[in-house]
Each structure stands twice: as C-alpha cells, then as structure tokens.
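Listed below are the residues making up each chain.
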Amino acid sequence: MIGLASAWDCDEKELAAMAGEWGFALHEELGRDAAHRLGGSPEADLLIKAAVARGAFELVSTSLLHACFEDPELIDEIFWDEDEALEMRHALERERIRLQRVAREEARDCVPPPASAPAFSEEPPF
C-alpha cells in the first residue's frame, strides 16, 4: 500500500499521482488478467472518496483507470486478440461505473442539509 491513509492530506495532483501509482502497481501485479482488477477495492474507494472531497473525481478516476487497466484508446493496440480486448474494455467500464457509484454516494454524504431544515439544537416546529 502506498500510504493511502495520507490521501486526505493530498491536493488534486498529488491524489491523481497516488491513484496512478497504485493503479500501475496493481496492473503489474495482475498482468493481463482484466477479470481480477479492482471490483470493490477499498484502496480505490478511498482514493475516489478523497477525490470527491476535493472536486477532482474525473482527474483521479481517469488516472486510476488508465494505470490499472489501460488507456481505452490503446486497448486494441495492446491486445491483439479481440476477446482479450473486449474483456479489458468490459472490465474497465464496469470499474468506471462502480467508481462513479462510490463518488455519488460520497457526494451525497458531503452535501449539507438545506437551509430550511431545522438544526439539531432547535426545537421541532410541532
């Protein structure tokens, strides 16, 4: 692990670099096996949650996905076998959708209550 506990202390560029480094390390570990990449990694979730808090979801998720899987523009050049290329594209898209779900849930948790909602210290209006 590359110091993910410090992800909350990073700015957007540092967080994207951290995501890229972690994704590349996983890429090297798993090789060409797209089916086993991410799919619920707590490290990826933490990076995405930290990115949402900084408004850097696109930058960090792109860095992570490109490093862990491949640049989508290069998949056909890297995987000459059509089945392997298709498997990699599907794995990448599944993970992109999963990361977007993590980001939406984190964003929902970060949204302050509307101004019209009573504060906890106020008496209920009834």
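For the structure, check the block above.
What to know about the overall build of the chain
So, point 1. Tallying secondary structure elements over the chain gives five helices and zero strands in all.
So, point 2. Beginning at the N terminus, the succession of helices and strands in the chain can be written as α-α-α-α-α.
So, point 3. The burial tally for the chain puts 36% of its 126 residues in the buried class.
So, point 4. When the accessible surface of the chain is split by element, carbon and sulfur atoms take 55% of a total near 8000 Å².

Quick notes on the environment of E70
So, point 1. With respect to the helices, strands and loops of the structure, E70 is situated in the loop between α3 (57-68) and α4 (75-78).
So, point 2. Through-space distance from the C-alpha of E70 to that of H27 is 8.8 Å; in sequence the pair is 43 residues apart.
So, point 3. Once residues within four sequence positions are removed from consideration, E70 is found in contact with H27, L65, I75, I78, F79 and L92.

Side note on the environment of A103
So, point 1. Relative to the assigned elements, A103 resides in helix α5 (residues 82-110).
So, point 2. Under the relative-accessibility criterion, A103 is labelled buried at 9%.
So, point 3. Placed 53 residues apart in sequence, A103 and A50 show a C-alpha to C-alpha distance of 9.4 Å.
So, point 4. Filtering out sequence-adjacent residues up to four positions away, A103 remains in contact with I48, V52 and F57.

Quick notes on a negative patch on the surface
So, point 1. Taken together, the side chains of D81, E82, D83 and E87 present a region of like negative charge at the surface.
So, point 2. With relative accessibility at 68%, the residue E82 sits in the exposed group.

Quick notes on the pattern of salt bridges
So, point 1. A complete count under the given rule lists four salt bridges for this structure.
So, point 2. We note a salt bridge from D45 to R98, for which the minimum N-O separation is 2.7 Å. In this pair, D45 is assigned in helix α2 (residues 42-54) and R98 in helix α5, connecting sequence segments 53 residues apart. In this structure, D45 and R98 share a single accessibility class: buried.
So, point 3. What you see here is one network of salt bridges that share partners, running through D45, E95 and R98.

Overview of the packing of helix α1 (residues 12-30) against α2
So, point 1. At a minimum axis separation of 10 Å, α1 and α2 run at an interaxial angle of 165 degrees. In terms of axis orientation, α1 runs roughly antiparallel to α2. Considering how the two elements wind past one another, α1 and α2 form a crossing that is left-handed. Counting all contacts with α1, which are made through E12, L15, M18, A19 and W22, the residues of α2 involved are E43, A44, L47, A50, A51 and R54.

Structural notes on α3
So, point 1. Here α3 is 12 residues long and its end C-alpha atoms lie 16 Å apart, about the 16 Å a rise of 1.5 Å per residue gives.
So, point 2. Taken as a whole, α3 has its buried residues at F57, V60, S61, L64, L65, A67 and C68.

So, the nonpolar core
So, point 1. Counting 29 residues, the largest nonpolar core has L15, I48, V60, F69 and L99 as its most contacted members.
So, point 2. Mapped onto this core, the elements with two or more residues apiece are α1, α2, α3 and α5.
So, point 3. Ranked by the residues each element gives to this core, the list is headed by α5, at seven residues.

What counts, and at which threshold
- Residues numbered from 1 in each chain as written.
- Predicted model: local features only at pLDDT ≥ 70, side-chain atom pairs only at ≥ 80, totals over all residues.
- Heavy atoms only, no water.
- Helix = DSSP H or I, 4+ residues; strand = E, 2+ residues; numbered from the N terminus.
- Buried < 20%, exposed > 50% of the residue type's maximum accessible area, 1.4 Å probe, protein only.
- Areas by Shrake-Rupley, 256 points an atom, 1.4 Å probe, with all protein chains shown as cover.
- Contact = heavy atoms within 4.5 Å.
- Patch = residues over 30% accessible without salt bridge, like charges linked within 9 Å, V, L, I, M, F, W, Y side chains within 5 Å.
- Salt bridge = Lys/Arg side-chain N within 4 Å of Asp/Glu carboxyl O.
- Lys, Arg positive; Asp, Glu negative; His and termini not counted.
- Charge placed at Lys NZ, Arg CZ, Asp CG, Glu CD.
- Axes fitted to C-alpha atoms, helices over the stretch in contact; angles between N-to-C directions.
- Parallel < 35°, antiparallel > 145°, perpendicular 65-115°, else oblique.
- Left-handed = near helix turned anticlockwise from the far one by under 90°.
- Expected span 1.5 Å × (residues − 1).
- Core = buried A, V, L, I, M, F, W, Y, C linked by side-chain atoms within 4.5 Å.

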